[in-house]
Amino acid sequence: LEPKRVTFYYLRTNTALSFERSPDVLDQARRQILSMARQIKTAPFTATPSIAICGRCDYRTLCPSSAV
């Protein structure tokens, strides 16, 4: 069963926007998202810790440099 409906959830405003797309369009979007995820996962990342930045970072609990 292929999905036909896509919903974006906007957390800041607690709203949702739904629309229908063809299976081809959804498959293309899926491929693009997976490609971007692979690029992010394999990209080099060097933490640049600082008190100003780390204090408001959403990923500080996962960061190996979180001792700052």
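What counts and what doesn't
- Residues numbered from 1 in each chain as written.
- Predicted model: local features only at pLDDT ≥ 70, side-chain atom pairs only at ≥ 80, totals over all residues.
- Heavy atoms only, no water.
- Helix = DSSP H or I, 4+ residues; strand = E, 2+ residues; numbered from the N terminus.
- Rg over C-alpha atoms; globule rule 2.2 N^0.38 Å.
- Buried < 20%, exposed > 50% of the residue type's maximum accessible area, 1.4 Å probe, protein only.
- Pairing = 2+ DSSP bridges.
- Contact = heavy atoms within 4.5 Å.
- pLDDT = per-residue confidence, 0-100.
- Salt bridge = Lys/Arg side-chain N within 4 Å of Asp/Glu carboxyl O.

Caption draft 1: Examining the overall build of the chain more closely. Counting secondary structure elements, the chain contains two helices and two strands. Each helix and strand of the chain, placed in order from N terminus to C terminus, yields the pattern β-β-α-α. In summary, the chain has a C-alpha radius of gyration of 18 Å against a globular reference of 11 Å for 68 residues, an excess of more than 25%. Summarising its shape, the C-alpha atoms of the chain cover approximately 45 × 30 × 15 Å along the three principal directions. For the chain, the residues scored as buried account for 4% of the 68 residues in total.

Caption draft 2: Just the pairing of strand E1 (residues 5-10), in detail. Pairing between E1 and strand E2 (residues 15-20): six bridges, direction antiparallel. Opposite arginine 5, over in E2, you have glutamate 20 as the bridge partner. Counting the residues in the hairpin turn of E1 and E2 gives four residues, including asparagine 14, whose phi is positive at 55°.

Caption draft 3: Inspection of the environment of lysine 4 at higher detail. Within the secondary structure, lysine 4 sits in the segment before E1. By relative accessible area, which is 57% here, lysine 4 ends up exposed. Setting aside chain neighbours within four positions, we find lysine 4 in contact with Phe19, Glu20, Arg21 and Leu26.

Caption draft 4: Just the confidence of the model for the chain, in detail. Per-residue confidence for the chain gives a mean pLDDT of 85, with 94% of residues at or over 70. When mean pLDDT is compared element by element in the chain, E2 scores highest at 94, while helix H2 (residues 51-54) scores lowest at 83.

Caption draft 5: How the structure looks around the pattern of salt bridges. Across all of its chains, the model carries three salt bridges by this definition. Two residues, arginine 5 and glutamate 20, come together in a salt bridge whose shortest N-O distance is 3.4 Å. Of the two residues, arginine 5 sits in strand E1 while glutamate 20 sits in strand E2, which places them 15 residues apart along the sequence. Arginine 5 sits in the exposed class, given a relative accessible area of 52%. For glutamate 20, a relative accessible area of 55% corresponds to the exposed category. Between aspartate 27 and arginine 31 there is a salt bridge, and its shortest N-O distance comes to 2.4 Å. Taken together, the positions of aspartate 27 and arginine 31, both in helix H1 (residues 23-42) and four residues apart, correspond to about one turn of that helix. Among the residues examined, aspartate 27 registers a relative accessible area of 31% and is labelled partly exposed. One connected set of salt bridges, linked through shared partners, spans Asp27, Arg30 and Arg31.

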